[in-house]
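Residues per chain are reported as follows:
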Amino acid sequence: MKKQSTNLGEPWHSFYGPNLGYVMEVYEQFLDDPSEVDPELRELFEQWGPPAAEDAAVMANAQKADASFTLPAQPTALSKMVAAVKLADNIRTYGHLAADINPLNDRNKDTRRIELSEFDLTEEDLKSIPVDFLCPDAPSHIQDGLQAVNHLKEVYTQKLAFEYAHVHELEEKNWLREKIESGSYFSPLSKDQKTSLLKRLAEVDGFEKYVHRTFVGQKRFSIEGLDTMVPLLDELIRYSVEAGAKTVNIGMAHRGRLNVLAHVIGKPYEMIFAEFQHAPSKDLIPSEGSIGITFGWTGDVKYHLGADREISPQALPTARARVTLANNPSHLEVASPIVAGYTRAAQENREESGYPVQSDETSYAVMIHGDAAFPGQGVVAETLNMSRLRGYHTGGSIHLIANNMIGFTTESRDSRSTKYASDTAKGFEVPIVHVNADDPEACLAAAVLAYEYRKTFGKDFVIDLIGYRRFGHNEMDEPMVTNPQMYSIIQNHPNVKDLYAEKLISEGIVAKEDVDEMDGDVEKVLKAAYEKVPAKDEDPDTVLAPPEDVANGLPELGTSVEFKKLQQINDELLKWPEGFNVFKKLEKILKRRSQVFEGKGKIDWAHAETLAFASILKDGTPIRLTGQDSERGTFAQRHLVLHDEKSGEEYIPLHHIQDSNASFVVLNSPLTETAVVGYEYGYNVFAPETLVLWEAQFGDFSNMAQVMFDQFISAGRAKWGQKSGLVMLLPHGYEGQGPEHSSARLERFLQLGGEYNWTVANCSTAGQYFHILRRQAAILQKEEVRPLVIMTPKSLLRNQFAAVTAEELAEGEFHSVLEQKGLGQNHEAVERIVIGSGKIAIDLEEKLKDVDKTDWLHILRLEEIYPFPKNDLEGILERYPNLKELVWIQEEPKNMGAWTFVEPRLRDLAADGVEVQYVGRRRRSSPSEGEPTVHKKEQARIINEALTR
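Let us look at the structure shown here. As the structure is a computational prediction, the values presented were derived from the model and not from experiment.

1. Structural notes on the overall build of the chain
Now for step 1: When its secondary structure is counted, the chain shows 34 helices and 27 strands.
Now for step 2: Across its three principal directions, the C-alpha atoms of the chain cover 110 × 80 × 55 Å.
Now for step 3: Taken across its 949 residues, the chain has 58% of its residues classed as buried.
Now for step 4: Element-wise, carbon and sulfur atoms account for 47% of the exposed surface of the chain, whose accessible area totals about 39,300 Å².
Now for step 5: With 103 positive and 145 negative side-chain charges, the chain shows a spacing of 4 Å between the two charge centroids.

2. Overview of the environment of Val561
Now for step 1: Within the secondary structure layout, Val561 lies in the loop between helix H21 (548-551) and helix H22 (563-573).
Now for step 2: Take Val561: its relative accessible area is 5%, and that puts it in the buried class.
Now for step 3: Residues Val561 and Ala802 lie 241 residues apart in sequence; the distance between their C-alpha atoms is 20 Å.

3. A look at the packing of helix H9 (residues 191-214) against helix H20 (residues 512-531)
Now for step 1: Relative to each other, H9 and H20 sit at 50°, their axes nearing to 9 Å. With respect to H20, the element H9 is oriented oblique. As for the relative orientation of H9 and H20, their crossing is right-handed in sense. Seen from H9, the contacting residues are Thr195, Leu198, Lys199, Ala202, Glu203, Gly206, Phe207, Tyr210, Arg213 and Thr214; seen from H20, they are Val515, Met518, Asp519, Val522, Glu523, Leu526, Lys527 and Tyr530.

4. Considering the pattern of salt bridges
Now for step 1: Going through the model one piece at a time under the given rule, you end up with 54 salt bridges.
Now for step 2: Linking Glu310 and Arg320 is a salt bridge whose minimum nitrogen-to-oxygen distance equals 3.3 Å. Of this pair, Glu310 sits in strand E4 (residues 307-311) while Arg320 sits in the loop between E4 and strand E5 (321-325); the two residues are ten residues apart in sequence, bridging distant segments of the chain.
Now for step 3: A salt bridge links Arg745 to Glu747; the shortest N-O distance between them is 3.3 Å.

5. A short note on unusual backbone geometry
Phi is mostly negative for residues that are not glycine, and the peptide bonds are mostly trans.
Now for step 1: Here the amide bond leading from Tyr866 into Pro867 is cis, since omega sits at -10°, within 30 degrees of zero.
Now for step 2: Within the secondary structure layout, Pro867 lies in the loop between strand E25 (864-866) and helix H32 (870-877).
Now for step 3: One non-glycine residue, Met405, adopts positive backbone phi at about 65°.
Now for step 4: By the element assignment, Met405 lies in the loop between strand E9 (398-403) and strand E10 (406-407).
Now for step 5: The residue His639 is not glycine, and still its phi comes out positive at about 55°.

6. Some details on the nonpolar core
Now for step 1: Among the nonpolar cores identified, the biggest contains 118 residues, and Leu654, Ile713, Leu886 and Val902 are the most heavily contacted of them.
Now for step 2: Apart from residues no more than four positions distant in its own chain, Ile713 is found in contact with Val677, Tyr681, Met708, Leu726, Met728, Trp758 and Pro787.
Now for step 3: By size, the runner-up hydrophobic cluster in this structure holds 100 residues, among which are Leu116, Tyr164, Ala402 and Val533.

7. Quick notes on the environment of Ala606
Now for step 1: Here Ala606 lies in helix H24 (residues 605-618).
Now for step 2: As a C-alpha pair, Ala606 and Arg638 span 32 residues in sequence and 5.3 Å in three-dimensional space.
Now for step 3: When near neighbours in sequence (up to four residues on either side) are disregarded, Ala606 contacts Arg593, Gln637 and Arg638.

8. Considerations on the sheet that holds E9
Now for step 1: An order of E1-E12-E13-E9-E8-E2-E5-E4-E3 is seen for the nine strands of this open sheet, with the pairing classed as mixed. Looking at strand neighbours, the two that pair on one side only are strand E1 (160-163) and strand E3 (291-292), the edges of this open sheet.
Now for step 2: Sheet topology places E4 next to E5; five bridges connect them, and they run antiparallel. Bridge assignment links Glu310 to a residue of E5, and that residue is Arg322.
Now for step 3: Lying over the sheet, helix H13 (residues 335-347) contacts strand E2 (247-251), E5 and strand E8 (363-370), oriented at roughly 175° with respect to E8.

9. Details of the side chain of Arg775
Now for step 1: Relative to the assigned elements, Arg775 resides in helix H29 (residues 766-778).
Now for step 2: What Arg775 contacts, discounting residues up to four positions off in sequence, is Leu554, Leu557, Thr559, Thr759, Phe814 and Glu864.

10. Focus: helix H17 (residues 440-457)
Now for step 1: For H17, with 18 residues, the first-to-last C-alpha span of 26 Å sits near the 26 Å given by 1.5 Å per residue.
Now for step 2: Burial within H17 is extensive, with 16 of its 18 residues counted as buried.

Thresholds, definitions, all that
- Residues numbered from 1 in each chain as written.
- Predicted model: local features only at pLDDT ≥ 70, side-chain atom pairs only at ≥ 80, totals over all residues.
- Heavy atoms only, no water.
- Helix = DSSP H or I, 4+ residues; strand = E, 2+ residues; numbered from the N terminus.
- Buried < 20%, exposed > 50% of the residue type's maximum accessible area, 1.4 Å probe, protein only.
- Areas by Shrake-Rupley, 256 points an atom, 1.4 Å probe, with all protein chains shown as cover.
- Lys, Arg positive; Asp, Glu negative; His and termini not counted.
- Charge placed at Lys NZ, Arg CZ, Asp CG, Glu CD.
- Axes fitted to C-alpha atoms, helices over the stretch in contact; angles between N-to-C directions.
- Parallel < 35°, antiparallel > 145°, perpendicular 65-115°, else oblique.
- Left-handed = near helix turned anticlockwise from the far one by under 90°.
- Contact = heavy atoms within 4.5 Å.
- Salt bridge = Lys/Arg side-chain N within 4 Å of Asp/Glu carboxyl O.
- Core = buried A, V, L, I, M, F, W, Y, C linked by side-chain atoms within 4.5 Å.
- Pairing = 2+ DSSP bridges.
- Expected span 1.5 Å × (residues − 1).

This is the structure we're talking about:
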């Protein structure tokens, strides 16, 4: 081979920028296999050697230049071809900037990167280039390079625009390119299909106009401007159900929600009108029961409500699918992880031991986002991050951005730093389609492409549906006050139904009279529905009491497990496969558990938990536990997943419980709380037979999921009739670790307690924990089911005062109040009763050995704080006729913890002359001290004060 020459006549000096880069890439191929290189280039390489090294700097400068491409001074056929290939790639990458995706057409289109002039190309140049070099997937009628480029421009710059350059997987990228450029995803509609589509748009439009006229001034968060969302959802559901989907779960905020409820879910018009008219609506639920509409007792506004129904597509009448629209409060995006949880639960079979068997194709989620919320709310990115994790993936969600280019009054320039609302998805390599909401047929094509991608690759897909908002944020606003330029355009812009009607009239598919008849038919249906609505309820129920099954508390349930059965379970948990090498130090710790049933040692917290899980699985109840580091446990206490120290292989003893027919999952969650808690809540709602537990790494981490506690877990049943038995494990207790790892904010969960909506417990022994877990599993499918919030320990995990004997699991039960053993025997002598909860009670027990005389003292442990065990406490207090003081003790500051909750209740219980006192830290703004020595001193003061006369 000829060596590199410095002769200025060599060809490489005429190549710059991307051209030179291309030649350098081809030279690398030439070195590997000369036969794979074009003969003309091969001859140049053999004659002149590699491109000159000094030209690298020229190439770098050219790439920085403003022009997107530069031809050599003396272009050849080869350099023209290179330029054409670069042009084609630019159309694919940047065509969306020049696309007709904005119905209002008030944004400048950027065509610079895809103009022939930028590449010094002419139409004649392109005609000489073979189609396959530029568009290998072009339809058969494309005959030359010019037609190929024009085809690419048409494909990438019309009402549909595509972004997939950020997708790194070559197989996915090639699949998308082939689908897009061949047009195979876009099936032309028949005349009947076009007529049906127009009728659907007439229903969507007619509903909004009727409500606007009939219920003047009432909020409805109109869909107008994004009307095509409904037929898009119709097509997505139809296409997916025909492909085998059994469950479609939709999550969305309030914009367009009433229209989706009416037309996609099939909620009767008369029910929606009754809600506008404040009339009774429960009697309007269809008698056949195909539509599931549930009610709580306090209710919610109409544009937050969900529903579900069974559908059967016309093309495949034997197929049945459940379509659900999740209840969603005004926290726009918080429904996204919840519907993902719904979907995972619907995909899994939990009736065998081991991990559940998952079938991605049976269920999927459609998440509808606002354009301001998608980039603005972090829970979106959290949910996207979970989409491909083993414990949370659902085979791909379809994300639909309902993009009206405004958030309340804030325009896009003030609501995001990115060009598009959809750009958040790029970091997760999610393909994006931008579609003009004024083109209904393009919207249907986007739905098909989205589902085909999801079905093929099991990954998320984003449809950015770009429209506008016809009125103000809630029909009571005047948008001209804040957004006059935008709304001066909107006021003169025809709606999509009228635009599509004009199109079909021009195509000769319908006549104007047909359109008028459609509108008239829609109006008749709406009027007939309105006439069914009862009169306004002038004397509504203001008590809004919960059902008796909820208000009466939990039923009596036995939670003990026979001693021999427990011993057998324990033996099974300590049998590992032959040759499996557990880390020696851990093996020694775990093997000690075998001695407990021989009377040696006690059962600590983690051991009791494992036995509880195993016994629950034996009873046929599946379990799912997730949280940050939950497999091992934050405090290295759990070890439910064992790792072979030589091979790294995993072994889960709970997968091998004899005669178990229920699945078990324990997973380390991503470092997020909001999305994970929402996901587990959604999973629990859709899998009510499953004991679903979420564990915070430290209890204070639950702060980040507060919206889920406030809006869903604590209030979902009262608002929507949505049951949940979710368990939240929140490590809580003061160990001198500073303010951020002490308090799980017990006071917040107690403040949210009302109408027996959940149980808030702070157990002090492993036995109590064992029995409350078993009790929770036993109520899962009962009307009395409710979530369980447990303040779990840290230092108590290995504290022998918190450990129990095997007999306490085999013969005991959960007690809402525990009495300190050895105290309170002399009823006449007791003058002070100290009541505490959780770890502080163990601190008291440890300190009692230093107290000489204790007949004047009794100590009670409040194990279940909400619902408050008034009757149990009353029964105990009645024994002590000479009681003078009722003392509440806590580690938390006075304005935190349980004090503000229990104080009025203790005062109600206290007999005349009995003082109710507080012992603990004073009111503070921060949960605890930051200095360990200060903490110890303050903790000692609290304990001494409680135990000193």
